[in-house]
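A closer look at the structure
Residue-level listing of the chains:
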Amino acid sequence: MKNVQLHNTLLLMGASFIWGTAFVAQSVGADYMGPYTFLASRSWLACVFLLGLMAVLRKAGKTNPAAEPGFWQNRKVLVKGGVFCGTALFVASAAQQIGIGTTSTAKAGFMTALYVVLVPVFGVFFGRRPGVKLWCCVAASVVGLYLLCLAGHDTLSLTGGEWMLLGCAFLFCLQIMLVDHFSPQLDGIQLSFVEFFTVSVLSTVFMLLFEHPTVEQFRLAAVSIAYCGIMSSGVAYTLQIVGQKALDPTIASLAMCLESVFSALAGWLILGETLSTTELCGCGLMFAAIVVSQLPDRKKTTC
């Protein structure tokens, strides 16, 4: 069981790495098109990618044998779970894309990743009670986030867009809890497809109502759309769904909030941005929280 949890945690860390590097692509995309247009573009691309992946796996005979015969398994739960998860993801992603353009990337990363605190708090209401060790890991992770994103840079006064990012943390928390509920019952790739199909439809409706996309916008943002659509949406969110199976949502949130660390490290290694000693300490503290969360609990000895 512990090996399964470690494997799933590594999958979520892989997802957080992709999300962290995609943060730059989202910022670039926001320079060329509206948030709903960008979200619709990347989500439809994710649907195409996931359909292709499912076709390849089906041909290879690697589909997951579920209770129902046929390709689309457990259809009623699949539609319900996909719509619920997709709606939560649409609202959270739209709020994030709008908020990114109103504040620094450091503050945006910090506020979005505050779901690391909200997930264990919400989990209490669903009958999950994280132990003292996990609460300590959550506290250490939040301190690490602050050191990485805010220490010496920004104040905590909030603008309108930053309040939206704060709400985004609650919405991502809801999406994590919904995935935790539905993922054990479904094939991960199929749930990811229905989730992104829901996001695609909703974002397209809002795009047509509130924005006026042009061919030139799509041309300029093509690379950002491709990376976010295939890697961030198609690959990373599927890794999230698969990785959250049989994993405590508190540990899952700790792993996924590392996207802030990977975003900073990518800027440091690829773009030549500098990281101060304080910021490096924040990265180290967050990684340490993940490592400690995976250590086995000490068994009580009986006399």
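In this text the structure is predicted, and so the values were computed from the model without any measurement.

Before going further, it helps to spend a moment on the pattern of salt bridges. Per the counting criterion, the structure on display carries one salt bridge. A salt bridge links R219 to E216, with the nearest nitrogen and oxygen atoms 2.6 Å apart. In this pair, R219 and E216 are both assigned in helix α9 (residues 215–220), three residues apart and thus about one turn of the helix distant.

Moving on, we come to the environment of Q96. Structurally, Q96 can be placed in helix α3 (residues 75–100). Sequence separation between Q96 and L166 is 70 residues, and the spatial gap between their C-alpha atoms is 9.1 Å. Discounting chain neighbours no more than four positions away, the residues touching Q96 are F23, Q26, T112, L165, C168 and F172.

Counting across every chain of the model gives ten aromatic pairs. An angle of 50° between the planes, with centres 5.3 Å apart, marks the rings of F90 and F206 as tilted. A residue pair is termed long-range when its members are at least 10 positions apart, and F90 in helix α3 and F206 in helix α8 (residues 188–210) qualify at 116 residues. For F206, a relative accessible area of 29% corresponds to the partly exposed category.

At a minimum axis distance of 9 Å, the contact between helix α2 (residues 35–59) and α3 shows a crossing angle of 130°. Put simply, α2 runs oblique to α3. The handedness of the crossing between α2 and α3 is right-handed. Along the contact surface, α2 presents P35, Y36, F38 and L39, while α3 presents F90, S93, A94, Q97 and I98. In terms of residue class, the contact of α2 with α3 is made up of seven nonpolar, two polar and no charged.

Right, let's talk about the state of the cysteines for a bit. Counting across every chain of the model gives zero disulfides. Left unpaired, C137 is separated from the closest cysteine sulfur, that of C136, by 7.0 Å.

Once that is clear, we can look at the packing of α2 against α8. One can describe the packing of α2 onto α8 by two numbers: an axis separation of 8 Å at closest approach and a directional angle of 155°. Judged by the inter-axis angle, α2 sits roughly antiparallel to α8. In this structure, α2 meets α8 at a crossing whose hand is left-handed. Taken together, the residues of the contact of α2 with α8 sort by class into 20 nonpolar, seven polar and no charged.

Rules used in this analysis
- Residues numbered from 1 in each chain as written.
- Predicted model: local features only at pLDDT ≥ 70, side-chain atom pairs only at ≥ 80, totals over all residues.
- Heavy atoms only, no water.
- Salt bridge = Lys/Arg side-chain N within 4 Å of Asp/Glu carboxyl O.
- Helix = DSSP H or I, 4+ residues; strand = E, 2+ residues; numbered from the N terminus.
- Contact = heavy atoms within 4.5 Å.
- Phe/Tyr/Trp six-rings, centres within 6.5 Å; stacked < 30°, edge-to-face > 60°.
- Buried < 20%, exposed > 50% of the residue type's maximum accessible area, 1.4 Å probe, protein only.
- Axes fitted to C-alpha atoms, helices over the stretch in contact; angles between N-to-C directions.
- Parallel < 35°, antiparallel > 145°, perpendicular 65-115°, else oblique.
- Left-handed = near helix turned anticlockwise from the far one by under 90°.
- Nonpolar A, V, L, I, M, F, W, Y, C, P; charged D, E, K, R; others polar.
- Disulfide = S-S within 2.5 Å.

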